[in-house]
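# Chains, contacts and geometry: an overview
Listed below are the residues making up each chain.
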Amino acid sequence: VVSHNQLGLVNGVVVPCSLNILGVVLFLWLPWAIGQAGGSHLLGMFILGEAQTVLTVLSLSAIVSNGTMRGGGSYFMISRSLGPELGGAMGFLFYISYAVSATFYAAG
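One structure accompanies this document, and this report is about it.

Rules of the game
Residues numbered from 1 in each chain as written. Predicted model: local features only at pLDDT ≥ 70, side-chain atom pairs only at ≥ 80, totals over all residues. Heavy atoms only, no water. Helix = DSSP H or I, 4+ residues; strand = E, 2+ residues; numbered from the N terminus. Buried < 20%, exposed > 50% of the residue type's maximum accessible area, 1.4 Å probe, protein only. Areas by Shrake-Rupley, 256 points an atom, 1.4 Å probe, with all protein chains shown as cover. Expected span 1.5 Å × (residues − 1). Bend = angle between axes of the 7 residues up to and from the residue. Patch = residues over 30% accessible without salt bridge, like charges linked within 9 Å, V, L, I, M, F, W, Y side chains within 5 Å. Salt bridge = Lys/Arg side-chain N within 4 Å of Asp/Glu carboxyl O. Phe/Tyr/Trp six-rings, centres within 6.5 Å; stacked < 30°, edge-to-face > 60°.

### Brief notes about the overall build of the protein
A tally of helices and strands in the protein yields five helices and zero strands. Its helices and strands taken in sequence order, the protein reads α-α-α-α-α from the N to the C terminus. Counting every position in the protein, which comprises 108 residues, the buried fraction comes to 9%. Of the roughly 8,300 Å² of accessible surface on the protein, a fraction of 71% belongs to carbon and sulfur atoms.

### Side note on helix α1 (residues 8–21)
Between its terminal C-alpha atoms α1 stretches 19 Å, which fits the 20 Å expected from 14 residues at 1.5 Å a residue. A maximum bend of about 30 degrees is found in α1 at V14, where proline P16 lies one to four positions downstream.

### Examining a nonpolar patch on the surface
On the surface, F92, L93, Y95, I96, V100 and F104 cluster together into a nonpolar patch covering about 620 Å² of accessible area. Classification of V100 as partly exposed rests on a relative accessible area of 39%.

### Structural notes on the packing of aromatic side chains
Applying the stated criterion to the full structure yields two aromatic pairs. When the ring of W29 is compared with that of W32, the centres are 5.3 Å apart and the planes differ by 80 degrees; the resulting orientation is edge-to-face. Linking W29 with W32, this pair stays in helix α2 (residues 24–37), spanning three residues, or about one helical turn. Look at F94 and Y98: their rings are 6.3 Å apart centre to centre, the planes differ by 20 degrees, and that puts the pair in the stacked class. Separated by four residues within a single helix, F94 and Y98 lie in helix α5 (residues 84–107), roughly one turn from each other. Look at Y98 and you get exposed, because its relative accessible area is 53%.

### Quick notes on the environment of G23
Secondary-structure assignment places G23 in the loop between α1 and α2. Look at G23 and you get buried, because its relative accessible area is 9%. Expressed as a C-alpha distance, the spacing of G23 and F104, which sit 81 residues apart in the sequence, is 9.5 Å.

Fair warning: the whole summary comes from geometry, so function is off the table for now.
Take a look at the structure:
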């Protein structure tokens with residue numbers, strides 16, 4: 001029996017990305033960033049970051065739609081499309097980023 005992911009665009013992409021971006025780290029640094037850059041510059045930074053996120057999600061979805069996605073998640077996708085050497089390096093960076101973000105979330 002083959003089970004398919006039923007999350008869709010909003011619950012599978014938009015909500016997890018938004019929760020990751022708008023995590024506790026953002027709310028810890030928001031007053032400092034407004035004091036340093038001002039409200040309009042901070043809004044510009046948010047717009048730039050959101051545009052970067054949307055472009056990343058669209059390009060990753062184009063890579064994923066070229067083949068079947070098996071176990072391994074993002075590491076599997078990157079290593080099969082870009083090669084095992086770059087995939088291993090990216091997998092290591094994913095591991096480090098998740099470890100650092102977990103410590104930030106635990107501290108916040």
